[in-house]
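Descriptive structure summary
So you can see what is in the structure, the chains are spelled out below.
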Amino acid sequence: QVQLVESGGGLVQAGGSLRLSCAASGRTANIYAVGWFRQAPGNVREFVATIRSIGGRPYYSDSVKGRFTISRDNAKNTVYLQMNSLKPEDTAVYYCATSLEYASNIDAYTGATMYNYWGQGTQVTVSS
């Protein structure tokens, strides 16, 4: 029902910035929330940020709060992740995901199991 394509990853030096995009197509009207997750080699997939389709209130993991900004452009069916002050530990494959499930608490969307569709991922590498 929903197809997702991430873009914008690349190689940057520590302290630099990247802006990731997640373009959604299909039945996007059914999306309750969009999230960003990341997974480094040998690590589990971890929550980064999420934003609801209605209201637009962002929610971030503690590790990225103050450095990353999630936003959306409903007209373009696109969600962005602006990443500033990047650190080597931010190096990972970044995935966007959409949730068709409603939850009253935004923190429910920090769990990967809340999401139904996933993009292919985009590599972010931060050099020291």
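Residues numbered from 1 in each chain as written. Predicted model: local features only at pLDDT ≥ 70, side-chain atom pairs only at ≥ 80, totals over all residues. Heavy atoms only, no water.

**Digging into the overall build of the chain**
What the chain contains, in helices and strands, is zero helices and 11 strands. Scanning the chain from its N terminus toward the C terminus, one meets helices and strands in the order β-β-β-β-β-β-β-β-β-β-β. For the chain, whose C-alpha radius of gyration is 14 Å, the value lies close to the compact-globule estimate of 14 Å for 128 residues. When its C-alpha atoms are laid out on the principal axes, the chain stretches across 40 × 25 × 25 Å. By the burial criterion, 42% of the 128 residues in the chain qualify as buried. Of the roughly 6400 Å² that the chain leaves accessible, carbon and sulfur atoms contribute 48%. Distance from the positive charge centre (11 side chains) to the negative charge centre (8 side chains) of the chain: 6 Å. (Helix = DSSP H or I, 4+ residues; strand = E, 2+ residues; numbered from the N terminus. Rg over C-alpha atoms; globule rule 2.2 N^0.38 Å. Buried < 20%, exposed > 50% of the residue type's maximum accessible area, 1.4 Å probe, protein only. Areas by Shrake-Rupley, 256 points an atom, 1.4 Å probe, with all protein chains shown as cover. Lys, Arg positive; Asp, Glu negative; His and termini not counted. Charge placed at Lys NZ, Arg CZ, Asp CG, Glu CD.)

**Topic: the pairing of strand E1 (residues 2-7)**
Covered by surrounding structure in E1 are Val-2, Leu-4 and Glu-6 only, the residues Gln-3, Val-5 and Ser-7 on the alternate face being uncovered. Here six bridges tie E1 to strand E3 (residues 18-26), and the two strands are oriented antiparallel to one another. By the bridge assignment, Val-2 is partnered in E3 with Gly-26. (Pairing = 2+ DSSP bridges.)

**Overview of the sheet that holds strand E8 (residues 78-83)**
Taken together, the four strands give an open sheet; going across it, the order is E1-E3-E8-E7, and neighbouring strands pair in antiparallel fashion. Every other strand in the sheet has two partners, leaving E1 and strand E7 (68-73) as the edge strands with one partner each. Geometrically, the sheet is characterised by an average inter-axis angle of 15 degrees between neighbouring strands, direction not taken into account. One ladder, built from six bridges, connects E3 with E8; its direction is antiparallel. (Axes fitted to C-alpha atoms, helices over the stretch in contact; angles between N-to-C directions.)

**Looking at the environment of Val-44**
By secondary structure assignment, the location of Val-44 is in the loop between strand E4 (33-39) and strand E5 (46-52). With sequence-adjacent residues up to four places away left out, Val-44 is seen in contact with Arg-38 and Gln-39. (Contact = heavy atoms within 4.5 Å.)

**Observations regarding the packing of aromatic side chains**
For the structure shown, the criterion picks out seven aromatic pairs. Note on Phe-37 and Trp-118: the rings are 5.1 Å apart at their centroids and 55 degrees apart in plane angle, and the pair reads as tilted. Of the two residues, Phe-37 is situated in strand E4 and Trp-118 in strand E10 (residues 117-118); the sequence distance between them amounts to 81 residues. Linked through ring pairs, Phe-37, Phe-47, Tyr-59, Tyr-109, Tyr-115 and Trp-118 together constitute an aromatic cluster. In this structure, Arg-45 packs its charged tip against the face of Tyr-95, placed 3.9 Å from the ring centre. Positioned over the ring face of Trp-118 is Arg-45, at 4.9 Å from the centre of the ring. (Phe/Tyr/Trp six-rings, centres within 6.5 Å; stacked < 30°, edge-to-face > 60°. Lys NZ or Arg CZ within 6 Å of the ring centre and 35° of its normal.)

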